[in-house]
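Coordinate inspection notes
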Amino acid sequence: MKLMAPAVFLLSFFLSSVLPAAGESDPFFAKIWEKALPKLEKSLEVFDRRKDLPDSSFFGEDKQSNTEKYEEMLDEVFAILIGSELQNARQEFNFLEMKIEQAGDEITVLLKERIGAPEETWNPLKKTRKKIDEKIADLREDIEGLTARKTDLKRSMREALAKMGVKVEERQLDVLLSSVSGDDVMHLLLAADSIKKINQQILSLLQGGQGSVQSARKYTGVHMVLVDLYLHANLDVLERIGTEYIPRLEDIMKTARRLGEEARQMLAKAGRDEKNRQVLEANVKANERTVHTAELYRQYLRGQENALRGASEKLKRDYFVARNTYDTVKTGSDLISLIQVSMSTLEGVFGFVVPDLALVYDQELMKEFERITERIRTGK
């Protein structure tokens, strides 16, 4: 391992030499570069150790523990790669939605309290209708301000996505932000964008003639780790969609169909009881809307699943080529060709983002979509 130290030093030196140019135009990427590079190098060292380790060992490192350590480091690098203004905006957007929901819940409670509240009271601790009305007005003003900030954030997110080559309409962004896979997709986009920038930095070095054969091999190793990292991230999201999101969605559809059928059967027996008939008819329509929206939702998730499966197959091929090249690379030109091929694979991830759903034009379906997302997340 001591023989690796000069190469690691050379890599850090040469990569750091292009950092100022990146930092001037993108301060977020400058931080990503500074934090990710040491972990990428360490990940490569862990990877290199694997071939000399036993399959299993009671004492010390073996192939299994090495693989676990390597994958832990990939997760750490991935968390660094998604740092950006877009990610910050997304996190603030989620926080605002939570605050708006809390304010709405508080208004609901206050409206119930208002029913039995007195007009006047000598007790300073007791709420009067006037005090309740003032509090409700304040909360509604807060919601208005928070909603305006959400609109600003959505505008900045659309602009950030456009810079990455993803053009979305406002309503399409609403679907992306409201979907259960929205954060997963956003993280894949951000990681792909960061990996592209890292690759571009390496290309600029190699095309400029910097670096020895030894450092060129190390560059190739870093690139290989990045491809492997992104492959793992794709497979993780693919698994969540297939084993968590879609099965929960299908449970929701099953329940809605059952409740709708029960309501129809009760409606057939309701006779002339108009009040019960109105309730049951409303229930039938509500469950039909849930099933319809869930079917659109499933189509959306299936589309993402298919796109991710295709991307994962390409990434597997890219990874095997990168690994083979890492073992055989002789010059920087080998890596330049390798990176140029994998960059086209990364470009493909941006193609499956934009939702193409009828529900983006129907506010009632959109509200149902958001309710279903919450049920998928909570498993209720």
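Before reading further, recall that the structure is shown in the block above.
Residues numbered from 1 in each chain as written. Predicted model: local features only at pLDDT ≥ 70, side-chain atom pairs only at ≥ 80, totals over all residues. Heavy atoms only, no water.

What follows is about the overall build of the chain. Secondary structure assignment for the chain yields 12 helices and zero strands. When its helices and strands are written in sequence order, the chain yields α-α-α-α-α-α-α-α-α-α-α-α. Per-residue burial for the chain yields a buried fraction of 43% across its 380 residues. Looking at the chain alone, contacts between residues at least 24 apart form 79% of all its contacts between residues at least 6 apart. Split by element, the accessible area of the chain, about 20700 Å² in all, is 52% carbon and sulfur. (Helix = DSSP H or I, 4+ residues; strand = E, 2+ residues; numbered from the N terminus. Buried < 20%, exposed > 50% of the residue type's maximum accessible area, 1.4 Å probe, protein only. Contact = heavy atoms within 4.5 Å. Areas by Shrake-Rupley, 256 points an atom, 1.4 Å probe, with all protein chains shown as cover.)

Within the secondary structure, Ala322 sits in helix H10 (residues 274–328). For Ala322 and Leu226, which are 96 residues apart along the polypeptide, the C-alpha to C-alpha distance reads 9.9 Å.

Each aromatic ring pair is summarised here by two numbers: the centre-to-centre distance and the angle between the ring planes. Scanning all chains against the criterion turns up four aromatic pairs. With 5.8 Å between their ring centres and 45 degrees between their planes, Phe47 and Tyr70 make a pair best called tilted. Pair noted here: Phe47 is in helix H3 (residues 27–49) and Tyr70 is in helix H4 (residues 63–81), with a separation of 23 residues, a long-range link. Since its relative accessible area comes to 2%, Tyr70 is described here as buried. Taken together, a centroid distance of 4.1 Å and an interplanar angle of 20 degrees make the contact between Tyr297 and Phe369 stacked. Taken together, the residues Tyr297 in helix H10 and Phe369 in helix H12 (residues 363–378) connect sequence positions 72 residues apart. When sorted by exposure, Tyr297 lands in the same class as Phe369, which is buried. Sitting above the plane of the Tyr70 ring, Arg50 keeps its charged end 5.2 Å from the centroid. (Phe/Tyr/Trp six-rings, centres within 6.5 Å; stacked < 30°, edge-to-face > 60°. Lys NZ or Arg CZ within 6 Å of the ring centre and 35° of its normal.)

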